[in-house]
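For reference, the chains in residue letters:
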Amino acid sequence: MVNVSTEEFTFTIQGDSEGYITFECPYCGSGFKLQAGEFQNDEEPFEELFCPYCGLVKERNEFLSSEVIEQAQALAYNYMVEQLNKSFKKMQKSVNRSKGIIKMDFKPLKKVATKELKDKDTTETEFKCSCCERRVKVLYCAGASKVFCPYCGVDI
């Protein structure tokens, strides 16, 4: 029988001066920003996002930026290191208490550095969807044909 436990990790991402957070399309790799309050709105939940550039849809967690994924991995790694260090310390005490000829020594594993995540103000253009009233910031240049709403997928 295997005993499995689940741990939850939370961290904060500070948005830009207007409260926007960066996301990345898993298909085309393009970055865009969504208003944190609209993204985290529990009253209007959603499961999927559309890329504002290519229009393709995928689960919302697939659009997390590489910085967010790296931060989550670092937090999980540090938790694992903490648990291993505790276990080995306990094992070392137990082995060294016995009067046998075997002695145990270990060097604690080192944690990796984590950083504060903060979005900077950049030159994206803000668009508001006429269908769902939510907003998106994208890099928009002359000649760009379409910008899709990340929430409902319509051409804005």
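Up top is the structure these notes are about.
These remarks concern the structure in this document. In every chain, residue numbers begin from 1 and rise along the written sequence. Restriction of local features to residues with pLDDT of at least 70 applies here, the model being predicted, together with a cutoff of 80 or more for giving and counting side-chain atom pairs; totals for whole chains, interfaces and linings are based on all residues. Excluding hydrogens and water, the side-chain figures rest on all heavy atoms present in the structure.

### Quick word on the pattern of salt bridges
As a reminder, the rule being used: By definition here, a salt bridge exists when the distance from a side-chain nitrogen of Lys or Arg to a carboxyl oxygen of Asp or Glu is within 4 Å. Runs of H or I in DSSP of at least four residues are treated as helices and runs of E of at least two as strands, each being numbered from the N terminus. Note on classification: 1.4 Å probe, protein chains only; a residue is buried when its accessible area is under 20% of the maximum for its type, exposed when over 50%, partly exposed between these limits.
This structure, assessed with the given rule, holds eight salt bridges. Of the charged contacts in the structure, one is a salt bridge between Asp 16 and Lys 137, with a shortest N-O distance of 3.3 Å. Residue Asp 16 is located in the loop between β1 (13-14) and β2 (20-24), and its partner Lys 137 is located in strand β8 (residues 135-138); the two are separated by 121 residues in the primary sequence. Of the two residues, Asp 16 and Lys 137, both sit in the buried class. Of the charged contacts, one joins Arg 135 and Glu 38 as a salt bridge, the two residues approaching to 2.9 Å between their closest N and O atoms. Of this pair, Arg 135 sits in strand β8 while Glu 38 is found in helix α1 (residues 36-39), placing the two residues 97 residues apart along the sequence.

### Looking at the sheet that holds β2
Note the cut-off: One requirement defines pairing of two strands: DSSP has to find at least two bridges between them. Fitting a line to C-alpha atoms yields each axis, with helices limited to the stretch in contact; the angle taken between N-to-C directions then spans 0 to 180 degrees.
The strand order across the open sheet formed by four strands is β2-β3-β8-β7, and the pairing between neighbours is antiparallel. Each end of this open sheet is capped by a strand with a single partner; those strands are β2 and β7 (125-128). Between one strand axis and the next, the sheet turns by 30° as a mean value, whatever way the strands run. Looking at chain direction, β7 and β8 are connected through four bridges and run antiparallel. Each residue of the ladder has a partner; that of Lys 128, found in β8, is Arg 135.

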